[in-house]
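# Coordinates in review
One-letter residues, chain by chain:
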Amino acid sequence: MEQHHHTTSPRAASDAETIDFRQLFEAMPGLFLVLAPDLRVLDASNAYLEVSRVERADLVGRELFDVFTDANPANPLPTGVANLRASFRRVVNDRVPDEMQLQRFDIVNPDGTFEERYWRALNTPVLAANGAVRYIIHRVEDVTSDAKVQANQSATRRELESSRHQEAVVTVELEAQAVEIGVVYQELKKHSLHLQAEVERQVGEIKSGIQHRARLLVERRLLAGERDTLWNLSTDLLSVTGLDGYFKRVNPAFYKVLGWSEADLTASPFIDFIHPDDVAATESDVAKLGEGRVIKFESRFRTRLGDYRWLAWQTTPSEDLFYSVARDVTEQKAAEAELKRERELNARIVANAPAGIAYLNCDLVFEWVNPMYADLVGVPVERLLGQSIYEGLGEETKARIEPYCRKVLTGEAHYGVAFPFNVTADPGHLGYWDFTFQPIADDDGEVYAVLILCTDVSARVEREQHQLSRVNALEEAERLKDQFLGILSHELRTPINAIMGFGSILEDELAGPLNAVQHKYIGKVITASDSLLALVSDLLDMSRMQAGSFTVRPHRTSLGVAIQEVLGTCAPVAEAKQITLHADVPADLPALMADQVRVTQVLSNMVGNALKFTQAGGQVEVRARAVAGSLRVEVEDNGPGIDSSAHGALFEPFTQVDMSSTRRAGGVGLGLAICKSLILAHGGDIGVRSREGGGSTFWFTLPLGGLPP
């Protein structure tokens, strides 16, 4: 774990490329715990969780000895917890690492039984800026195999002591026999001095030979026992190789790790098992053994299944043999390769990101920037690194950037808002930038760095401003158009009313008698004036609707009565075109709150359109029904119909199905647009069902509950 202080350059620039230090820590092959001073577990390496057989969720956040206890009843000396607590106290009090000797601390198996395990531990403090202990790194090493070897050695020594005791007994017995022989010697001495000397010599040889053989026997047993125990229990791959390059002997770990038996390996040269790409380097390393040097090297070794495992070798020469220890580092190599790939990928992503990225310490000094950031601010990377943000970008930037930087140092992120920003490196260019300031905090929430993301959005802002100008211009043109239509409609009504008034005076012969031809012409003038007045009224209504000054005045209304009035008004037109005009309205149709004048206007427009576009001999039907809290009215004709592609534009202003210069029906295309506005003002809906050649049905609904608030 790193210590984070508010000082200049707390991290090297290259460290910023590492995105997730926690993931790296957890993936480390060693057995590590990170503890708080109160012995709460803050994190653990995956290797530690695997060996201790504890899930991360069951360990992190808990006090260490709530999880691990000296609970094995078979342990005669349960001192592991007490010794470890004492070590942690020494670390906290003395603030120096504390190395523990061999400790027994048994592991609980999934079935609830205990497995005897031995450990060595190194407890190291991580100090805060004030010198207090901030974390404790607890590194342990499983030395069960070594402990058992030591136990076997102790047993062998006990056996040696027993043998020495037996030797003493034998010596005593021999001494007793020597005494007896001495007696015999004394008896024989008087017979022959030569015989006495011979007996003494033989007794000495026998005694010395027995002692020597006893010592050799004990030593051989001790050495053989230690050697075989280490050889068989070692998890490392142990081998003896001759000068001819053939294995002479391998330990069982070769079979456990690689699948090869001793017979398989001793049948072929060592180099035959090495990956072809590693042969040259391996032969070069092995050649150094001739110089009497201990060598270390790594190579890929073929398994019985045909794949390869990375082995780290240490080989020692001895006369005509080589003694080697190898360790399987395949997972470590894979992890290193994956980490390298991730770092390279992250570096490429960051270096080629379409945004400027900068990493600042708490003093707002650049520790790392990507090329895009340097390009955006117009300052070379080497000139930014080690400089404060104000030195790098110019004091003119202080007023714009400092508030965000100071704010983010409190832990509050700021996400991009485009604003004008002038970089000193290019004084003539005032661009628009999008800045994001993101705090980077440790596990305690203390901010130790600031990450800045920025993009030059000048082109986008310019486009938006241009579009906004166009929208404003279009809105102004629309306003002027509506104003013009309102004024035009209002001003046209006066001369039209005058024409209609004087036309009526002439038609009624109040100014003198008229002949038949004059009556005919005056009738056409009045009819054309009525049509023109209707068009002007539509223009005025549309102008008011678009200006927002249009209102409806609801009162209790009978829709059936309104339908009958419209049918009565339109009956002459239907008769003239020989069109059957029919109403299907129930007598019990409920009344509703609506503006009857405006509803009648909608009905008149729909029925008038149906009559206008229906050919002679056709029929038009008006239906009304109460449906789900609304009154629904439909006007159906059997005219030419409307193509479905034209339905969407029917209710837009100044739109007609036939917009050609040869169209048969007149009008400016405001009727349905006005109908839509009137129905929506009542809180209803309006639409059409039609297909070309199949007639049309225009419909609208009005809520029975009255107008919307």
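Refer to the structure printed above.
Residues numbered from 1 in each chain as written. Predicted model: local features only at pLDDT ≥ 70, side-chain atom pairs only at ≥ 80, totals over all residues. Heavy atoms only, no water.

Okay, the overall build of the protein chain next. Tallying secondary structure elements over the protein chain gives 20 helices and 24 strands in all. In the protein chain, which comprises 709 residues, the share counted as buried stands at 37%. In the protein chain, of all internal contacts separated by at least 6 residues, the share reaching a separation of at least 24 is 52%. Just so you have it, the protein chain exposes about 39700 Å², and 54% of that area is on carbon and sulfur atoms. (Helix = DSSP H or I, 4+ residues; strand = E, 2+ residues; numbered from the N terminus. Buried < 20%, exposed > 50% of the residue type's maximum accessible area, 1.4 Å probe, protein only. Contact = heavy atoms within 4.5 Å. Areas by Shrake-Rupley, 256 points an atom, 1.4 Å probe, with all protein chains shown as cover.)

Turning next to the pairing of strand β21 (residues 619–627). Relative to β21, strand β19 (residues 580–584) is paired through 5 bridges, and the arrangement is parallel. Bridge pairing links L581 to V620 in β21. Pairing between β21 and strand β22 (residues 630–637): 8 bridges, direction antiparallel. Within β22, the position partnered with R625 by the bridge is R632. Where β21 folds back onto β22 in an antiparallel hairpin, the turn is made up of 2 residues, including A628, whose phi is positive at roughly 50°. (Pairing = 2+ DSSP bridges.)

An order of β9-β8-β12-β11-β10 is seen for the 5 strands of this open sheet, with the pairing classed as antiparallel. In the strand order of this sheet, the two ends are held by β9 (247–250) and β10 (295–302), each with one partner. Taken pair by pair, the neighbouring strands of this sheet meet at an average axis angle of 30°, ignoring direction. Relative to β9, strand β8 (residues 237–242) is paired through 3 bridges, and the arrangement is antiparallel. Looking at β9, one finds that S239 is bridged to V250. Contacting β10, β11 (308–318) and β12 (321–328), helix α11 (residues 330–351) runs over the sheet at an angle of about 120° to β11. (Axes fitted to C-alpha atoms, helices over the stretch in contact; angles between N-to-C directions.)

Whenever strands of a sheet pair, they do so through backbone hydrogen bonds, lying parallel or antiparallel. Here 5 strands make up an open sheet; going across it, the order is β2-β1-β7-β6-β3 and the pairing antiparallel. The open sheet has two free edges, formed respectively by β2 (41–44) and β3 (98–104), since each of these has just one partner strand. Between one strand axis and the next, the sheet turns by 25° as a mean value, whatever way the strands run.

This paragraph deals with the packing of aromatic side chains. A complete count under the given rule lists 12 aromatic pairs for this structure. On the numbers, 5.6 Å between centres and 85° between planes, the contact of F247 with F270 is edge-to-face. One end of the pair, F247, is in strand β9; the other, F270, is in the loop between α9 (262–266) and α10 (279–287), with 23 residues separating them in the sequence. Across the pair, exposure class does not vary: F247 and F270 are buried alike. For the ring pair F273 and F301, a centre distance of 5.4 Å and an interplane angle of 0° mean the geometry is stacked. Taken together, the residues F273 in the loop between α9 and α10 and F301 in strand β10 connect sequence positions 28 residues apart. (Phe/Tyr/Trp six-rings, centres within 6.5 Å; stacked < 30°, edge-to-face > 60°.)

At a minimum axis separation of 9 Å, helix α18 (residues 559–576) and helix α19 (residues 596–613) run at an interaxial angle of 35°. α18 and α19 meet at a crossing whose hand is right-handed. Every residue of α19 that contacts α18 at L559, V561, A562, I563, E565, V566, C570, V573 and A574 is listed here: Q596, V599, T600, L603, S604, V607 and L611. Per-class residue counts for the contact of α18 with α19 are 12 nonpolar, 3 polar and 1 charged. (Left-handed = near helix turned anticlockwise from the far one by under 90°. Nonpolar A, V, L, I, M, F, W, Y, C, P; charged D, E, K, R; others polar.)

Another point: the side chain of R117. Take R117: it is sitting in the loop between β5 (114–115) and β6 (118–127). Side-chain polar atoms of R117 contact the side chain of D142, separated by 2.3 Å. At a separation of 3.5 Å, a polar atom in the side chain of R117 contacts the side chain of T144. (Polar contact = N/O pair within 3.5 Å; in protein donor to acceptor, adjacent residues only side chain to side chain.)

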